[in-house]
Amino acid sequence: MKGKKISFIGGGNMAEAMLRGLLKRKIIAPKQLLVSEPRGERTRFLSQKYRILVTSDNKAAARFGEIIILAVKPQIIKGVLQEIAGAVTSKQVIISIVAGITIAFIASQIGKDKRIVRTMPNTPSQIGEGAIALCGGGRATPNDIRVARELFAAVGTTLIIPETHMDAVTGLSGSGPAYIFLIIEALTDGGVQMGLPRDVAQSLVLQTIIGSGRMVLETGDHPSKLKDLVTSPGGTTIAGLHVLEENGIRGALINAVVAASERSRELSQALND
Ligand SMILES: NC(=O)c1ccc[n+]([C@@H]2O[C@H](COP(=O)([O-])OP(=O)(O)OC[C@H]3O[C@@H](n4cnc5c(N)ncnc54)[C@H](OP(=O)(O)O)[C@@H]3O)[C@@H](O)[C@H]2O)c1
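Computed from a predicted structure; not experimentally measured. (Residues numbered from 1 in each chain as written. Predicted model: local features only at pLDDT ≥ 70, side-chain atom pairs only at ≥ 80, totals over all residues. Heavy atoms only, no water.)

**Student:** Before we move on, can you summarise the overall build of the protein chain with the specific residues and values?
**Tutor:** Within the protein chain, the secondary structure is distributed over twelve helices and eight strands. Based on the C-alpha atoms only, the size of the protein chain along its principal axes is roughly 70 × 40 × 30 Å. Going through the 273 residues of the protein chain one by one, you find that 40% of them count as buried. Here the protein chain has roughly 15,100 Å² of accessible surface; of this, 59% comes from carbon and sulfur atoms. Mean positive and mean negative side-chain charge positions of the protein chain (32 and 23 charges, respectively) differ by 11 Å. (Helix = DSSP H or I, 4+ residues; strand = E, 2+ residues; numbered from the N terminus. Buried < 20%, exposed > 50% of the residue type's maximum accessible area, 1.4 Å probe, protein only. Areas by Shrake-Rupley, 256 points an atom, 1.4 Å probe, with all protein chains shown as cover. Lys, Arg positive; Asp, Glu negative; His and termini not counted. Charge placed at Lys NZ, Arg CZ, Asp CG, Glu CD.)

**Student:** Explain a nonpolar patch on the surface residue by residue, including any values.
**Tutor:** The grouping of Leu 196, Val 200 and Leu 204 at the surface amounts to a nonpolar patch, some 230 Å² of accessible area in total. In this fold, Val 200 is placed in helix H9 (residues 198-219). (Patch = residues over 30% accessible without salt bridge, like charges linked within 9 Å, V, L, I, M, F, W, Y side chains within 5 Å. Salt bridge = Lys/Arg side-chain N within 4 Å of Asp/Glu carboxyl O.)

**Student:** So what about the site of the ligand? Which residues, and what values?
**Tutor:** In the vicinity of the ligand, 24 residues are found, and the nearest of them are Met 14, Glu 37, Arg 39, Asn 58 and Val 72. Here an oxygen atom of the ligand sits 2.7 Å away from a polar atom, N or O, in the side chain of Glu 37. Within the backbone of Ile 97, a nitrogen or oxygen atom sits 3.4 Å from an oxygen atom of the ligand. Coverage of the ligand by the protein chains reaches 77% of its 890 Å² of free accessible surface. More than half of the atoms belonging to the ligand lie within 2 Å of the grid points that define the second largest pocket. Each residue belonging to the shell around the ligand can be placed in one class, and the counts come to twelve nonpolar, nine polar and three charged. (Near = heavy atom within 4 Å. Polar contact = N/O pair within 3.5 Å; in protein donor to acceptor, adjacent residues only side chain to side chain. 1 Å grid on protein atoms, 1.4 Å probe; cavity = no way out; pocket = protein on both sides within 12 Å on 5 of 7 lines; lining within 4 Å. Sits in = over half its atoms within 2 Å of the grid points. Nonpolar A, V, L, I, M, F, W, Y, C, P; charged D, E, K, R; others polar.)

**Student:** Explain the sheet that holds strand E1 (residues 6-9) residue by residue, including any values.
**Tutor:** Strand order in the open sheet formed by eight strands is E3-E2-E1-E4-E5-E6-E7-E8, with mixed pairing between adjacent strands. Bordering the open sheet on either side are strand E3 (53-55) and strand E8 (156-160), each of which pairs with just one other strand. Within the sheet, the average angular offset between the axes of one strand and its neighbour, ignoring direction, is 20°. Alignment of E1 against strand E2 (residues 33-36), held across four bridges, turns out to be parallel. Residue pairing across strands places Ser 7 opposite Leu 34, the latter belonging to E2. Contacts from helix H7 (residues 166-174) reach strand E6 (115-120) and strand E7 (130-136), with the element oriented near 35° to E6. (Pairing = 2+ DSSP bridges. Axes fitted to C-alpha atoms, helices over the stretch in contact; angles between N-to-C directions. Contact = heavy atoms within 4.5 Å.)

**Student:** Describe the domain arrangement of the protein chain, naming the residues involved and giving the relevant values.
**Tutor:** Each assigned domain of the protein chain is listed with its residue range as follows: domain 1 (6-168) and domain 2 (174-268). With centres defined by C-alpha atoms, the gap from domain 1 to domain 2 works out at 33 Å. With eight residues of domain 1 in contact, the opposing surface of domain 2 contributes six residues. The junction of domain 1 with domain 2 conceals about 550 Å² of combined surface from both sides, 50% of it contributed by carbon and sulfur atoms. Together, Gly 100, Asn 122 and Asp 167 form the three largest contributors to the area buried by domain 1 at its contact with domain 2, with a combined 64%. Taken together, domain 1 and domain 2 are joined by zero salt bridges. Linking domain 1 with domain 2 are three residue pairs in polar contact (both at pLDDT 80 or more). (Domains from an automatic or database assignment. Buried area = accessible area lost by both parts, 1.4 Å probe.)

**Student:** Break down the pairing of E6 for me, with residues and values.
**Tutor:** Burial within E6 is extensive, with six of its six residues counted as buried. Side chains of E6 alternate between two faces, with Arg 115, Val 117 and Thr 119 and Ile 116, Arg 118 and Met 120 buried alike. Strand direction decides the pairing type here: strand E5 (residues 93-96) and E6, joined by four bridges, are parallel. In the strand pairing of E6, Ile 94 is matched with Ile 116. Note on the crossover from E5 through helix H5 (residues 103-110) to E6: the handedness is right-handed. One ladder, built from four bridges, connects E6 with E7; its direction is antiparallel. Looking across to E7, one finds that Met 120 is bridged to Ala 133. (Right-handed = clockwise from strand over helix to strand, strands pointing away.)

**Student:** Quick rundown of the packing of helix H8 (residues 176-193) against H9? Include the residues and the values.
**Tutor:** At a closest axis distance of 8 Å, the pairing of H8 and H9 adopts a crossing angle of 135°. Relative to H9, H8 is oriented oblique. As for the relative orientation of H8 and H9, their crossing is right-handed in sense. In this structure, H8 uses Ile 180, Ile 184, Leu 187, Thr 188, Asp 189, Gly 191 and Val 192 to contact H9, whose residues at the interface are Arg 198, Ala 201, Gln 202, Val 205, Leu 206 and Ile 209. Of the residues belonging to the contact of H8 with H9, the class tally is eight nonpolar, three polar and two charged. (Parallel < 35°, antiparallel > 145°, perpendicular 65-115°, else oblique. Left-handed = near helix turned anticlockwise from the far one by under 90°.)

Given below as structure tokens:
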């Protein structure tokens, strides 16, 4: 990223998470970053806290960066793209984090010759623990994808996917934090029901979820193998698992991902019309 300039169009939660990660890891210096944002209060906050450059002029931001990160809400992206279209050239890389907006739609507004990378981060990116899927448009070079990956590695784990998988990613890792928050809450309630103080129950749940995830990651073992290792014959774990299976937990989680992915496809179709 040596000397590379990056513009963010939209300086909300996700833009701040990214620039914070990039600055913290010293991937980029404050003077290399420009955020465009309509609200003066917000630009003042960002420039004071991070010492980055700010503007309320999207066109100026579009001219500034070799990399332009689109970080506005999906509902206003069309107007923003039309606003910056004349300022963007095919020498720049456009990276979108706008949920549901396709590469074809972005290209239709700013030109089919433009180098576009589409990404789908999730909310844990705000603490550097995101899951971020990326895909490149026809004009994006392998180096554009590599650069985008390097930027998003500042806020989490990156994976390259075909664009056709974006709705599934949205239904899985995009909506996934909400599923896990619900599971955290419910397991904690289970501990409380059995007499544990809530803070103790929640701490146990959190470390159990973090530890189990890390264990799958670090051993590389199939989750069913790790599950079997803690499930002794006639023991406590099989009694608990039996109840989960009786209540259809697998089907419920699979159906949740299917429903969220289908809803993503519907919303995306409406946005890209
Ligand atoms: N947050 C996540 O975890 C997450 C995950 C995946 C994808 N995304 C995507 O990331 C994008 C940004 O999400 P977010 O959570 O960061 O939303 P956000 O906090 O609402 O940020 C959007 C920012 O854009 C600003 N803005 C509004 N109109 C603008 C304009 N015409 N030109 C430039 N900036 C403008 C908003 O300012 P005002 O507040 O003044 O309107 C706001 O600061 C969305 O498209 C979302 O789908 C977010």
